[in-house]
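Take a look at the letters that make up each chain.
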Amino acid sequence: MAKKRKRSKSAQNGAAAGPDGSKAADEKKITASKMDAAERKKARSDGIVMTIYPAFLGVIFGFASLQLFGTGVPEEGSVGMIYPWYFVMILVIGFTFYIQKFTYPYLKIKVEEFKAKDWLYVEFIAVDLWLVSWTLLIN
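These numbers were taken from a predicted model, which means no experiment stands behind them.

What is the right way to look at the overall build of the protein chain in this model?
Helices and strands together make up the secondary structure of the protein chain, namely five helices and zero strands. Put simply, the protein chain runs from its N terminus to its C terminus through helices and strands in the order α-α-α-α-α. The buried share among the 139 residues of the protein chain stands at 22%. A sequence separation of at least 24 residues applies to 75% of the contacts in the protein chain between residues at least 6 apart.

Explain the confidence of the model for the protein chain to me, please; I cannot follow it from the model alone.
Close reading of the predicted structure is inappropriate where its pLDDT is low. When pLDDT is averaged across the protein chain, the result is 80; 69% of the residues are at 70 or more. At the low end of the mean pLDDT range in the protein chain sits helix 2 (residues 22-33), at 56; at the high end sits helix 5 (residues 116-138), at 93.

In this structure, what is going on with the environment of Tyr121? I would like to understand it.
Examined against the element boundaries, Tyr121 turns out to sit in helix 5. We classify Tyr121 as partly exposed; its relative accessible area is 35%. Spatially, the C-alpha atoms of Tyr121 and Thr51 are 8.6 Å apart, while their sequence positions differ by 70 residues. Residues in contact with Tyr121, not counting those within four places in the same chain, are Met50 and Thr51. Of the polar contacts made by the side chain of Tyr121, one reaches the side chain of Thr51; its length is 2.6 Å.

I would appreciate a short explanation of unusual backbone geometry in the present structure.
Glycine aside, negative phi is the norm for most residues, and most peptide bonds take the trans geometry. Positive phi outside glycine occurs at Lys108, with the angle close to 65°. Take Lys108: its relative accessible area is 66%, and that puts it in the exposed class.

Sorry if this is basic, but what is going on with the pattern of salt bridges here?
If you walk through the whole model with that rule in mind, you get one salt bridge. Here Asp46 and Lys42 are joined by a salt bridge, their closest N and O atoms 3.0 Å apart. A residue pair is termed a helical-turn pair when its members lie 3 or 4 positions apart in one helix, as Asp46 and Lys42 do in helix 3 (residues 37-69) at four residues. The class of Lys42 is partly exposed, set by a relative accessible area of 37%.

What exactly am I supposed to notice about a nonpolar patch on the surface here?
A cluster of nonpolar side chains, Trp85, Tyr86 and Phe87, forms an exposed patch at the surface whose accessible area comes to about 350 Å². In this structure, Tyr86 sits in helix 4 (residues 85-103).

Honestly, the packing of aromatic side chains in this entry has me stumped. Any pointers?
Geometry of an aromatic ring pair is reported as the spacing of the ring centres plus the angle between the planes. Here the structure, examined in full by the defined rule, presents eight aromatic pairs. Ring geometry for Tyr53 versus Tyr104: centroids 5.6 Å apart, planes at 55°, classification tilted. With a gap of 51 residues between them, Tyr53 in helix 3 and Tyr104 in the loop between helix 4 and helix 5 connect regions that are remote in the sequence. Each of the two residues, Tyr53 as well as Tyr104, counts as buried. Centre to centre, the rings of Phe61 and Phe95 are 6.5 Å apart; their planes meet at 20°, and the pair counts as stacked. Note that Phe61 is positioned in helix 3 and Phe95 in helix 4, a separation of 34 residues in sequence.

Cut-offs used in this document
Residues numbered from 1 in each chain as written. Predicted model: local features only at pLDDT ≥ 70, side-chain atom pairs only at ≥ 80, totals over all residues. Heavy atoms only, no water. Helix = DSSP H or I, 4+ residues; strand = E, 2+ residues; numbered from the N terminus. Buried < 20%, exposed > 50% of the residue type's maximum accessible area, 1.4 Å probe, protein only. Contact = heavy atoms within 4.5 Å. pLDDT = per-residue confidence, 0-100. Polar contact = N/O pair within 3.5 Å; in protein donor to acceptor, adjacent residues only side chain to side chain. Salt bridge = Lys/Arg side-chain N within 4 Å of Asp/Glu carboxyl O. Patch = residues over 30% accessible without salt bridge, like charges linked within 9 Å, V, L, I, M, F, W, Y side chains within 5 Å. Areas by Shrake-Rupley, 256 points an atom, 1.4 Å probe, with all protein chains shown as cover. Phe/Tyr/Trp six-rings, centres within 6.5 Å; stacked < 30°, edge-to-face > 60°.

Structural data, given as structure tokens:
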């Protein structure tokens, strides 16, 4: 019964629209909102760069953290300044943010169009790879 009602409603809507009715307007809206092939290719390549570049930065900062800060745990008898891991993480977030902000224009990515969601995405990748690489190097 429900299928018959749905079919009859769709048939009524199609008849009300007529041959030149709203279907043509809907098709124009769909084709107008689609990106052309060049824009899709550029968006895809930007997405790849925005994934690989912060991952690379995260791994670099993982190695740097091991060399500069050691394990991130204050130990008795250790020589030099030992900072806690959360301080190191704040430093990594700050440095990776500013490095990406100033180097993305050289990679032909428009930083002006970035929103908070985009920055959170790239920073999450950088911090995640930093934490994974630093943890693996410590162990």
